[in-house]
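A look at the structure
Residues per chain, in single letters:
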Amino acid sequence: MDSQTLIQIEEQFGAHNYFPLDVVIHRGAGVWLHDVDGAKYMDFLSAYSAVNQGHCHPRLVARMREQCEKLTLTSRAFRNDQFPLLLQELCELSGFDRALLMNSGAEAVETAIKAARKWGYTVKGVEAERADIIVGTNNFHGRTTTIVGFSTEEQYKEGFGPFAPGFVTVEYGDIAALKNAISPNTAAVLLEPIQGEGGIIIPPHGYLEAIQAMCRQEDILFILDEIQSGLGRCGKLFAFQHENVEPDGVIIGKALSGGFYPVSAFLARESVMDVFKPGDHGSTFGGNPLACAVAREALKILVDEHLAERSFELGRYFLDKLNSITSPHIKEVRGIGLMIGIELKPEAGGARRFCEALMREGLLCKETHETVIRFTPPLVIHKNDLDWAFAKIKKVMQE
Ligand SMILES: *Cc1c(COP(=O)(O)O)cnc(C)c1O
């Protein structure tokens, strides 16, 4: 079926909760995607960084096939042979003591919120039903009602209230504002180390270290959402490793499965994870053997193919190139590793039209926050691919 027909069917039968580019993909390999009309595109979004390992990585295809034929789901009513090994490998790789597996990113964020509150009541001694979690402006942590309740993006919330209390919002990147928001009932600070959906916002260097010091002093958990920034995207396993910090908990998802299957996790030190007792929390699919087998292989690929290191090197190379473009539309180019954004001037007419122009040139990327074009290619990308993309970007930015 051609793309126009498929788009019509989607518009007729689907909920209109997205505004996708009109390209209908049916096949992908590495950094390349093919549409149903026979055109080929380079992927510069990686499904919001879920496909850091590249599309249809052969090792993941093989491992998923193999596991499918053996065992897919037991639920946590019983144990399975993949689950313990993923837990162990995740902890060894990340340095955290314990892991709790969920499916979507938002569920893992909810898990972190539950852990933080219960830790607040049972360990810190916060007043009953009064635990606060401090979050940042411009945050993105997912789409559940609790999570959109503390978003500062009007559209994410409008019409979906009433929302859960217990969240205090402070200006992202402003350490003094955070300090002022602390109360005896503060259980945790929950932030993205770099805001992806917010428009590739990089806080001032030393921000995370200052927060951690404050959290340690005030007996507050320091929890980072690395669902998008983690697993190599920012040139390190975790974006927080660009600073000298050891958060109490971290949330991962997206590339944890290389884009094959929804797998997310909350990783934490023992004293935090131990608040969960049997029956406190769960998920039918969380920790299933298929998810665990795929995630184990996806993590091995990350390590074997040095994807974090590649992202670090190639990100620097590409950021320098992008900074060399002279264009009347560009306000700023910023990024860490292969998480890069071009912020356009307000008069440029929005990022969407540039994304559409780039699509016509064979490069798929997506605007975020109206004026930012986000570039997050699969981390398996090569230098010559980046050079190819650069020529397209330069052309479109100078048109
Ligand atoms: C994508 C994302 C989420 C939500 O993940 P889902 O799998 O879509 O629920 C949460 N936090 C951050 C930083 C994200 O980028």
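Here the structure is a predicted model, which means the values were calculated and not measured.

This part is about the pattern of salt bridges. When their charged atoms lie close together, side chains carrying opposite charge are able to pair. Under the counting rule described, the total for this entry stands at 19 salt bridges. As a salt-bridge pair, Arg 59 and Asp 304 come within 3.0 Å of each other at their nearest N and O atoms. A residue pair is termed long-range when its members are at least 10 positions apart, and Arg 59 in helix H3 (residues 58-68) and Asp 304 in helix H11 (residues 289-304) qualify at 245 residues. Residue Arg 59 is classed as partly exposed on the basis of its relative accessible area, which comes to 29%. Between Lys 395 and Glu 361 there is a salt bridge, and its shortest N-O distance comes to 2.7 Å.

Locating Leu 319 in the fold gives a position in helix H12 (residues 307-323). We classify Leu 319 as buried; its relative accessible area is 18%. Sequence spacing of Leu 319 and Gln 212 is 107 residues, and the spatial spacing of their C-alpha atoms is 29 Å. Excluding anything up to four places from it in sequence, Leu 319 contacts Val 333, Arg 334, Gly 335 and Ile 340.

Buried within helix H13 (residues 352-360) we find Arg 352, Phe 354, Cys 355, Ala 357, Leu 358 and Met 359. Contacts from the buried residues of H13 go to strand E3 (40-43), strand E12 (339-344), strand E13 (363-364), strand E14 (366-368), strand E15 (372-375) and helix H14 (383-398). Once H13 ends, the next one or two residues include Gly 362, with phi positive near 95°.

Here the focus is the domain arrangement of the protein chain. Partitioning the protein chain into structural domains gives domain 1 (3-56 + 306-398) and domain 2 (59-304). Distance between the C-alpha centres of domain 1 and domain 2: 26 Å. At the junction of the two partners, domain 1 supplies 30 residues and domain 2 supplies 32 residues. With both sides pooled, the region where domain 1 packs onto domain 2 buries about 2500 Å², and carbon together with sulfur makes up 58% of that total. When residues of domain 1 are sorted by the area they lose upon contact with domain 2, Gln 53, Ile 336 and Met 339 head the list and together hold 28% of the total. Run the count over domain 1 and domain 2 and you get one salt bridge. Between the two partners, domain 1 and domain 2, sit 20 residue pairs in polar contact (both at pLDDT 80 or more). Ranked by residues supplied to the side of domain 1 that touches domain 2, first place goes to H12 with four residues.

On to the pairing of strand E1 (residues 25-29). In summary, the side chains of a regular strand alternate between the two faces of the sheet. As paired elements, E1 and strand E2 (residues 32-35) share four bridges and run antiparallel to each other. Each residue of the ladder has a partner; that of Ala 29, found in E2, is Trp 32. Connecting the antiparallel pair E1 and E2 is a turn made up of two residues, with Gly 30 showing a positive phi of about 60°.

Our focus in this paragraph is the site of the ligand. Surrounding the ligand, one finds Ser 104, Gly 105, Ala 106, Phe 140, His 141, Gly 142, Glu 192, Asp 225, Ile 227, Gln 228 and Lys 254. Contact distances for the ligand include 2.7 Å between a nitrogen atom and a side-chain N or O atom of Asp 225. A distance of 2.7 Å separates an oxygen atom of the ligand from a polar atom in the side chain of Gln 228. Classifying every residue of the shell around the ligand by side-chain character gives three nonpolar, five polar and three charged.

Ranked by size, the top nonpolar core spans 82 residues in total, and within it Phe 44, Leu 90, Leu 322, Ile 342, Ile 373, Phe 375 and Ile 393 carry the most contacts. The two domains that each donate at least three residues to this core are domain 1 (3-56 + 306-398) and domain 2 (59-304). Setting aside its immediate chain neighbours within four residues, Ile 342 contacts Leu 322, Ile 330, Glu 332, Val 333, Thr 371, Val 372, Ile 373, Phe 375, Ile 393 and Met 397. Membership of the second largest hydrophobic core comes to 27 residues, among which are Ile 113, Val 135, Ile 251 and Phe 266.

Right, let's talk about a nonpolar patch on the surface for a bit. There is a patch of nonpolar side chains on the surface, built from Met 1, Ile 9 and Phe 13 and spanning about 380 Å² of accessible area. Take Met 1: it is sitting in the segment before helix H1 (3-13).

In this section: the sheet that holds E13. In spatial order, the strands read E1-E2-E3-E13; together these four strands make up an open sheet with mixed pairing. Looking at the sheet topology across the chains shown, the edges are occupied by E1 and E13. Sheet topology note: the E2/E3 ladder contains three bridges and is antiparallel. Bridged to Leu 33 within E3 is Tyr 41.

Let's shift gears to the packing of aromatic side chains. Counting across every chain of the model gives nine aromatic pairs. Plain terms: the ring middles of Phe 238 and Phe 240 are 5.1 Å apart, the flat faces sit at 10° to each other, and that makes the pair stacked. An aromatic cluster of three or more residues is present, and its members are Phe 44, Phe 318 and Phe 375. Just above the ring of Tyr 156 sits the side chain of Arg 143; from NZ or CZ to the centre is 4.1 Å.

With that out of the way, let us pick up unusual backbone geometry. Here the residue pair Gly 161 and Pro 162 is connected by a cis peptide bond, since its omega of 0° sits within 30 degrees of zero. Its place among the elements puts Pro 162 in the loop between helix H7 (154-157) and strand E6 (167-170). Its identity as a non-glycine residue notwithstanding, Ser 75 has a phi of 70°, on the positive side. Within the secondary structure layout, Ser 75 lies in the loop between H3 and helix H4 (83-94). Notably, Asn 138 is not glycine yet its phi reads approximately 70°, a positive angle. With respect to the helices and strands, the residue Asn 138 is situated in the loop between strand E5 (132-136) and helix H6 (145-149). Asn 138 gets classed as partly exposed once you look at its relative accessible area, which sits at 23%.

Conventions used here
Residues numbered from 1 in each chain as written. Predicted model: local features only at pLDDT ≥ 70, side-chain atom pairs only at ≥ 80, totals over all residues. Heavy atoms only, no water. Salt bridge = Lys/Arg side-chain N within 4 Å of Asp/Glu carboxyl O. Helix = DSSP H or I, 4+ residues; strand = E, 2+ residues; numbered from the N terminus. Buried < 20%, exposed > 50% of the residue type's maximum accessible area, 1.4 Å probe, protein only. Contact = heavy atoms within 4.5 Å. Domains from an automatic or database assignment. Buried area = accessible area lost by both parts, 1.4 Å probe. Polar contact = N/O pair within 3.5 Å; in protein donor to acceptor, adjacent residues only side chain to side chain. Pairing = 2+ DSSP bridges. Near = heavy atom within 4 Å. Nonpolar A, V, L, I, M, F, W, Y, C, P; charged D, E, K, R; others polar. Core = buried A, V, L, I, M, F, W, Y, C linked by side-chain atoms within 4.5 Å. Patch = residues over 30% accessible without salt bridge, like charges linked within 9 Å, V, L, I, M, F, W, Y side chains within 5 Å. Areas by Shrake-Rupley, 256 points an atom, 1.4 Å probe, with all protein chains shown as cover. Phe/Tyr/Trp six-rings, centres within 6.5 Å; stacked < 30°, edge-to-face > 60°. Lys NZ or Arg CZ within 6 Å of the ring centre and 35° of its normal.

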